[in-house]
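Each chain, letter by letter, is given below.
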Amino acid sequence: MRITPEDRAKISAAVTAAEIDTAGEIVTIVARRSDKYHDVAAHAGVLAMLLMLAVLSVWPGIADRLHAMVYDPWTDGAHQGALYGIALLLVAIAFLVGRYALSSMPLRIALTPGATKTRRVRARALDLFRSSAEKRTIGATGVLIYLSLDERRAELIAEHAIHSKVANETWGAAMAALVAAVQDGRPGDGMAEAVAQVGIVLAAHFPRADDDRNELPDRLIEL
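Residues numbered from 1 in each chain as written. Predicted model: local features only at pLDDT ≥ 70, side-chain atom pairs only at ≥ 80, totals over all residues. Heavy atoms only, no water.

Draft legend 1. Representation of the overall build of the chain. Of regular secondary structure, the chain possesses nine helices and four strands. Shown N-terminal to C-terminal, the secondary structure of the chain runs as helices and strands in the order α-β-α-α-α-α-α-β-β-α-α-α-β. For the chain, whose C-alpha radius of gyration is 27 Å, the value lies well above the compact-globule estimate of 17 Å for 223 residues. In the chain, which comprises 223 residues, the share counted as buried stands at 41%. In the chain, 76% of the contacts between residues at least 6 apart in sequence involve partners at least 24 apart. (Helix = DSSP H or I, 4+ residues; strand = E, 2+ residues; numbered from the N terminus. Rg over C-alpha atoms; globule rule 2.2 N^0.38 Å. Buried < 20%, exposed > 50% of the residue type's maximum accessible area, 1.4 Å probe, protein only. Contact = heavy atoms within 4.5 Å.)

Below, the structure is given as structure tokens:
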């Protein structure tokens, strides 16, 4: 799933149209993903280590057979230190296999718990809101609509002037339309529809004044 040139034009046009009747400023950002999830791959490695330890505890003969391949059982006997060394080697191999099995980003995203993805997308959206919309308008009327494609999740964050007048539940329809379109593989349509619905809400609470000017860019920001 990707954003096409037609999507960019559609979203920018939707922002321009939505801001005609409101003093609110809508910022749209689309990112490929919100995090690299390196910790998820590391956790997979740790889990593989624990599984290997569990296997060795249930079937200790595995280490004995590997020991016999290195030492002569008739002369050397089973050295406890060597057995521990073999176990350590197996655990290290298990970690590397688990860690690098998730080197593929699509697989890493697929195996990341939904709650984790939601938290990462929210954190990234907050960071981008602070740098792109917060305190950048005279009336503190900036709104960020953020979409993270790989996680298929979206966030809407509004400045305090808007947040004080509009309940979070009010944005539900806009975000539902966006997520539904993304699930259908139509991120451009979803963003444009969300922008249009957000514009209706803003126009009702923050009508445009005669001296209003466009304070934030209408174009889609892609990361």
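Draft legend 2. Molecular detail of the side chain of K117. The residue K117 is located in helix α6 (residues 114-132) in this model. Among the polar contacts made by the side chain of K117, one reaches the main-chain carbonyl oxygen of I109 at a distance of 3.3 Å. In this view, K117 contacts Y37, I109, T112, E151 and R153; residues no more than four positions away in its chain are not counted. (Polar contact = N/O pair within 3.5 Å; in protein donor to acceptor, adjacent residues only side chain to side chain.)

Draft legend 3. Broad picture of the nonpolar core. Within the largest apolar cluster, 30 residues are counted, with the highest numbers of intra-cluster contacts made by I145, L178 and V198. Of all the elements in the fold, those that place two or more residues in this core are α1 (5-18), β1 (25-31), β2 (142-148), β3 (153-158), α8 (172-183) and α9 (187-205). With seven residues, α9 is the single largest residue contributor to this core. Not counting residues up to four positions away in its chain, the partners in contact with L178 are I145, L147, A154, P187, G190, M191 and A194. (Core = buried A, V, L, I, M, F, W, Y, C linked by side-chain atoms within 4.5 Å.)

Draft legend 4. Region of interest: the pattern of salt bridges. With the rule as written, the count across this model stands at nine salt bridges. Residues E222 and R8 are paired through a salt bridge, measuring 2.3 Å at the closest nitrogen-oxygen approach. Note that E222 is positioned in strand β4 (residues 221-222) and R8 in helix α1, a separation of 214 residues in sequence. Judged by its relative accessible area of 33%, R8 falls in the partly exposed class. D150 is the salt-bridge partner of R33, the closest N and O atoms lying 3.1 Å from each other. In this pair, R33 sits in the loop between β1 and α2 (38-58) while D150 sits in the loop between β2 and β3, placing the two residues 117 residues apart along the sequence. (Salt bridge = Lys/Arg side-chain N within 4 Å of Asp/Glu carboxyl O.)

Draft legend 5. Geometry of unusual backbone geometry. Not every positive phi belongs to a glycine, and R152 is a case in point at roughly 55°. Positionally, R152 belongs in the loop between β2 and β3.

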